[in-house]
Amino acid sequence: MNAVEIEQAITELAEKPFDAANFPYAFLEAFGNKETTIKRLRAGASNKSDLGGVLQTNNIHILKCDAGQVTKALKALKDSPATTKAKAKFILATDGSDFEAEDLTSGETVACAYKDFPDHFGFFLPLAGITTVRQISENSFDIRATSRLNRLYVELLKDNSEWGTSARRHDMNHFMARLIFCFFAEDTDIFIGKGLFTEAITQMSAKDSSNTNTVIETLFRAMNTKIEDREREGMPRWANSFPYVNGGLFSGNMDVPRFSKIARSYLLHIGNLDWTKINPDIFRSMIQAVAEDEERGELGMHYTSVPNILKVLNPLFLDDLRTHLEEAGDNSRTLLNLRKRMAKIRVFDPACGSGNFLVIAYKEIRAIEAEINRRRNEPDVRSEIPLTNFRGIELRDFPAEIARLALVIAEYQCDVLYRGQKLALAEFLPLRADNWITCGNALRLEWLNICPPTGTGVKLQADDLFNTPMNQAQIDFENVGGETYICGNPPYKGSQTQTKENKSDLKAIFDGRTKTGSRSTMYLDGL
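Note that the structure is predicted; figures quoted are calculated from it, not measured.

Caption draft 1: Up close: the packing of helix α15 (residues 356–375) against helix α16 (residues 397–419). The geometry of α15 relative to α16 is characterised by a closest axis approach of 10 Å and an angle of 20° between their N-to-C directions. Taken together, the axes of α15 and α16 are roughly parallel relative to one another. Read as a crossing pair, α15 and α16 show a hand that is right-handed. Across the interface between the two elements, Leu358, Val359, Tyr362, Lys363, Arg366, Ala367 and Ala370 from α15 touch Ala406, Leu407, Ala410, Glu411, Cys414, Asp415, Tyr418 and Arg419 from α16. The residue makeup of the contact of α15 with α16, split by class, is ten nonpolar, no polar and five charged.

Put into structure tokens, the structure is as follows:
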């Protein structure tokens, strides 16, 4: 099981009435234990507990206890000779009201109400063999949000099967991207009034879901219509609370799939999550997997971790910037020169996926800029780091859209962090129409058109974020000159796994340029 499936399973477990006798087995089953393994534990053949609980060798010792005795039970588990002998990694005690656990390797603990233990599911991911990406266990919100979005996506396709075809997949992806923005905006004061989007759907759509799609479509149209034009366009008054977003996010096709009662319920549950906790460093890769059939089986695992990204970005240019920052000390002129240099830095990922490298690079540069501003006593000054300096190419349309959305969200989060929410809100909307992430095959595109060395203005602005031509990223940089750094981590394909299209791409590039042509060349998927 993957992380998202595990989160869904333990959420369903926590929502059921507490069954003391069955809980240990249901808990282990939620983390992917096979039926035969559970049967052996129930029969006692592999259960080594000396406390009347359930002890799985090399894994976990679980004990259900009397009311009010959870802390005492956890200590008994820790002191148990059987726990030590079986080399259990975790201990867990619960009475159905309270819940406590400890990671015996790290010493980290969890203590919460029983109904809230799914909030800490990432703590237990090693039980399912998921230990390679620490950010997944530390950012359980992102996985919970993705789990719910995945359920909504699948439920919508049941009643809108045509939206799952190649002809309409594009529209479905646009719809999901718009929802993500609305959920984030209603919890971060971009929309005036916490929960505004979810509340509007709750109040204005019928409980039988018959008009849910119409209500959402109206809200999307409102966010694409200037306030002064809404009366002329026939917008209902209840939609006037929503701002004009622009930026192409709500342009183009406004169709919304039909909702069943279950789909409407999923939507409202998603809206009731706390979207201020979103971490675009991991979330965008997970939401990409929701919309990609070939990746849904790996939900939550299609991810290049932040530490691994920094292993590339730090020696590439970030370490040098930090060294110059340290050398500058409090010298105002030297600090200003460093800030001007950073404002001209371009970061280019020709296989950017959903934007991992670009977002991390942007956030790290913003952190350095914020320190410069602090030393110069200019904490409120507007950032000079333009998003359009972070360019990417992505083969698939939905990841390309999510990459741009993730950068927009990262910019807002950095503004809130370094300049305060008031200034961040004042400058966030309307979004710019510039589209600096190109959807296309990087092996067939001219990189200098996408990441030009010089320039003075925008050649093309997108009227619709989702339906711009493949050469739409011919946007000149705001700050002329400067350094360009190329980075990324595309999947690699050897000669035995390359498709005909892959081999054709390599042939177009290497034949006539190398002695062996494309025959012995590794293919970088996405490039």
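Caption draft 2: The arrangement of the confidence of the model for the protein in detail. Across the protein, the average pLDDT comes to 84, with 83% of residues at or above 70. In the model, residues 456–463 has pLDDT below 50 throughout and makes 21 contacts with residues more than four positions away in sequence or in other chains. Note that pLDDT drops below 50 for residues 468–475; the model gives that stretch 32 contacts with residues more than four away or on any other chain.

Caption draft 3: Quick peek at the sheet that holds strand β2 (residues 60–64). The mixed open sheet is built from five strands, whose spatial order is β1-β2-β3-β4-β5. A strand with exactly one partner marks an edge of an open sheet, and here the two such strands are β1 (54–56) and β5 (109–113). Taking each pair of neighbouring strands and ignoring which way they run, the sheet shows an average axis angle of 10°. Two strands pair when backbone bridges link them, and β1 and β2 are joined in this way by three bridges, in the antiparallel orientation. Within β2, the position partnered with glutamine 56 by the bridge is isoleucine 60. The sheet contacts of helix α2 (residues 23–30) involve β1, β2, β3 (90–94) and β4 (98–103), and relative to β2 the element is tilted by about 145°. Against the sheet, helix α4 (residues 70–79) makes contact with β2, β3 and β4, and its axis sits at roughly 155° relative to β3, the strand it touches most.

Caption draft 4: Seen up close, helix α10 (residues 212–223). Taking 1.5 Å of rise per residue, the twelve residues of α10 would be expected to cover 16 Å, and the 17 Å separating its terminal C-alpha atoms lies within 8% of that figure. Burial analysis of α10 places nine of its twelve residues in the buried class, the great majority of the element. Those residues of α10 not exposed but buried are Thr212, Asn213, Val215, Ile216, Thr218, Leu219, Phe220, Ala222 and Met223. Buried residues belonging to α10 abut α8 (169–187), α9 (196–204) and α11 (261–271).

Caption draft 5: Examining the nonpolar core more closely. The biggest cluster of nonpolar side chains holds 93 residues, and the ones touching the most others in it are Phe181, Phe191, Phe197 and Phe220. The greatest single-element share of this core, amounting to twelve residues, is contributed by α16. If we skip the residues at most four places from it in the chain, phenylalanine 197 touches Leu179, Cys182, Phe183, Glu186, Phe191, Leu219, Phe220 and Phe242. If you look at the next biggest cluster of nonpolar residues, it comprises 33 residues, including Ala26, Phe31, Ile38 and Phe117.

Caption draft 6: Region of the structure containing the packing of aromatic side chains. On inspection of all chains with the given rule, the structure shows 28 aromatic pairs. Relative to phenylalanine 23, the ring of phenylalanine 18 lies with its centre 5.7 Å away and its plane at 50°, an arrangement referred to as tilted. With relative accessibility at 28%, the residue phenylalanine 18 sits in the partly exposed group. Residue classification places phenylalanine 23 among the buried residues on the basis of a relative accessible area of 2%. Arranged with centres 5.1 Å apart and planes meeting at 70°, the rings of phenylalanine 18 and tyrosine 114 form a pair that is edge-to-face. You can see phenylalanine 18 sitting in the loop between α1 (3–15) and α2 and its partner tyrosine 114 sitting in the loop between β5 and α6 (134–138), a full 96 residues away along the chain. Each member of the aromatic cluster is reached from another via a ring pair, and the members are Phe18, Phe23, Phe27, Phe31, Phe90, Phe99, Tyr114, Phe117, Phe123 and Phe124.

Caption draft 7: Representation of the environment of asparagine 58 within the structure. Positionally, asparagine 58 belongs in the loop between β1 and β2. A relative accessible area of 39% means that asparagine 58 is categorised as partly exposed. Asparagine 58 sits 28 residues away from alanine 86 along the chain, and the two C-alpha atoms are 5.8 Å apart. Discounting chain neighbours no more than four positions away, the residues touching asparagine 58 are Ala86, Lys87, Ala88 and Lys89.

Caption draft 8: Structural context of the sheet that holds strand β7 (residues 390–394). With parallel pairing, four strands are arranged side by side in an open sheet as β8-β7-β6-β9. Of all the strands in the sheet, just β8 (437–439) and β9 (484–486) have a single pairing partner and so form its edges. Across the sheet, the mean angle from the axis of one strand to that of its neighbour is 15°, orientation sign disregarded. Direction of pairing for β7 relative to β8: parallel, over a ladder of three bridges. The partner of glutamate 394 across the bridge, within β8, is cysteine 439.

About the cut-offs
Residues numbered from 1 in each chain as written. Predicted model: local features only at pLDDT ≥ 70, side-chain atom pairs only at ≥ 80, totals over all residues. Heavy atoms only, no water. Axes fitted to C-alpha atoms, helices over the stretch in contact; angles between N-to-C directions. Helix = DSSP H or I, 4+ residues; strand = E, 2+ residues; numbered from the N terminus. Parallel < 35°, antiparallel > 145°, perpendicular 65-115°, else oblique. Left-handed = near helix turned anticlockwise from the far one by under 90°. Contact = heavy atoms within 4.5 Å. Nonpolar A, V, L, I, M, F, W, Y, C, P; charged D, E, K, R; others polar. pLDDT = per-residue confidence, 0-100. Pairing = 2+ DSSP bridges. Expected span 1.5 Å × (residues − 1). Buried < 20%, exposed > 50% of the residue type's maximum accessible area, 1.4 Å probe, protein only. Core = buried A, V, L, I, M, F, W, Y, C linked by side-chain atoms within 4.5 Å. Phe/Tyr/Trp six-rings, centres within 6.5 Å; stacked < 30°, edge-to-face > 60°.

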